[in-house]
Amino acid sequence: NGDITGIPVMKEFEGVNLEKLLKCRYQLPVFVENDVKLMTVGCYKNKIHNWENMIFKTAGDKSKPAILFFHAMGVTGDSSMPVAECLEQKYYCIMPTSTVYCAGQKYRSKTDEIQQIMTFLKEQGIREIELVVASSIGADLAMAFLTNTQIPVKHVFFDGGQFAQIGKTLRKIMVPFIYLAIKSIYRSKGKTLKKIMWCDDDTIKPYFTEAGRNITYGNLKRQLQSPLFLRVCRKNKKISKKVEKSA
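Scoring rules and cut-offs
- All chains use their own residue numbering, which begins from 1 and follows the written sequence.
- Owing to the predicted nature of the model, reporting of local features is limited to residues with pLDDT of at least 70; listing and counting of side-chain atom pairs is limited to 80 or more, with chain, interface and lining totals taken over all residues.
- Side-chain calculation: all heavy atoms of the structure are included, whereas hydrogens and water are not.
- At least two bridges found by DSSP between two strands are what make those strands a pair.
- Where helices and strands are cited, they refer to DSSP runs of H or I of at least four residues and of E of at least two residues respectively, numbered from the N terminus.
- As a rule, the C-alpha atoms of each element are fitted with a line to give its axis, helices using only the stretch in contact, and angles between N-to-C directions run from 0 to 180 degrees.
- Should any heavy atoms of two residues lie within 4.5 Å, those residues are counted as being in contact.
- For a crossing to be left-handed, the near helix must be turned anticlockwise from the far one by less than a right angle; the clockwise case is right-handed.
- Under the scheme applied here, ten amino acids are nonpolar (Ala, Val, Leu, Ile, Met, Phe, Trp, Tyr, Cys and Pro), four are charged (Asp, Glu, Lys and Arg), and all others, including Gly, are polar.
- Confidence scores labelled pLDDT are given residue by residue by the predictor and lie between 0 and 100.
- Burial classification: accessible surface area is computed with a 1.4 Å probe over protein chains only, and a residue below 20% of its type maximum counts as buried, one above 50% as exposed, and the rest as partly exposed.
- The definition of a right-handed crossover adopted here requires that, viewed with the strands pointing away, the path from the first strand over the helix to the second runs clockwise.

### Some points on the sheet that holds strand β4 (residues 129-135)
Here's step 1: Within the open sheet, the 5 strands sit side by side as β1-β3-β2-β4-β5. Their pairing is mixed. Every other strand in the sheet has two partners, leaving β1 (55-59) and β5 (153-159) as the edge strands with one partner each. Averaged over all neighbouring strand pairs, the angle between strand axes comes to 20°, with direction disregarded.
Here's step 2: Strands in contact with helix α4 (residues 110-123) are β1, β2 (66-70), β3 (92-97) and β4; relative to β1, the strand with the most contacts, it is inclined by about 40°.
Here's step 3: Strands in contact with helix α5 (residues 138-146) are β2, β4 and β5; relative to β4, the strand with the most contacts, it is inclined by about 145°.

Next comes the structure, spelled out in structure tokens:
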């Protein structure tokens, strides 16, 4: 509110409304804020940072067994929240959102996202994962995670990883069509979901529209044109054996 408080070395300013004082003196708009907060806002606004961040949402107590979700194409990570809410009494559910669907972020690679996930798990003190759940293209990132993490994983469940069967050339052709489809769901506020997908459930529309709001053509293109892990596995016998062991 513009009041100065908590400066014992300058007691004469205690309780003074600096915002009103400066407005009256200079007849200009004045905004008073903490220096560190302003610096943080300035750094973000001017994109001084050189890192990209995934969004992580959780449900449950992290002392409970962990379940890690990898979301499908065209939705955000919290699309798994309805399931997580049913499990949160017994499990700690972790739902990362790919940088492809995070506002203002740039998708770099699967390696980058895997590293972010492993860093988050370490910070949360996760030493073992009870279950990994992956859908659609999320299965590709999940497989890359499984073969790179040192954290033991007890169980894995994949729901529709067929996207990994599609060749690079076809994926390149698909980029503009997928982008327009995802954007149309956002622009229509979910009205085109039934035409593009297989259902018209109001409960899932927010996850599609939020993804459509944040997606950029460049991020989607980089994601789809990066080598799909499951296709690489077939060409590398060492990786294939590790995948079979993980699964």
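Having seen the model, we can carry on.
### Examining the packing of α4 against α5
Here's step 1: It is the contact of α4 with α5, at a shortest axis distance of 10 Å, that shows an interaxial angle of 65°. Considering only the axes of α4 and α5, their crossing is right-handed. On α5, the residues that touch Lys110, Glu113, Ile114, Ile117, Met118 and Leu121 of α4 are Asp140, Leu141, Ala144 and Phe145.
Here's step 2: Partitioning the contact of α4 with α5 into residue classes produces 7 nonpolar, no polar and 3 charged.

### A closer look at the confidence of the model for the protein
Here's step 1: Of the residues in the protein, 83% reach a pLDDT of 70 or more, and the chain-wide mean stands at 82.
Here's step 2: Looking over the protein, one finds the lowest element-wise mean pLDDT in helix α11 (residues 237-246), namely 47, and the highest in β2, namely 97.
Here's step 3: Ignoring residues within four places in sequence, the model shows residues 235-240, a span with pLDDT below 50, making 5 contacts including any to other chains.
Here's step 4: Under a pLDDT of 50 for its full length, residues 242-247 has, in the predicted model, 7 contacts with residues more than four places off or in other chains.

### Overview of the pairing of β3
Where a strand is regular, its side chains alternate between the two sheet faces.
Here's step 1: Summarising burial for β3: 6 of the 6 residues are buried, a large majority.
Here's step 2: Burial along β3 is two-sided: the residues Tyr92, Ile94 and Pro96 and Cys93, Met95 and Thr97 are all buried.
Here's step 3: Sheet analysis places β1 next to β3, joined by 5 bridges and oriented antiparallel. Looking at the pairing, Ala59 lines up with Cys93 of β3.
Here's step 4: Pairing between β2 and β3: 3 bridges, direction parallel. Within the sheet, the bridge partner assigned to Ile67 lies in β3 and is Cys93.
Here's step 5: Note that the unit made of β2, helix α3 (residues 81-87) and β3 has a crossover that is right-handed.

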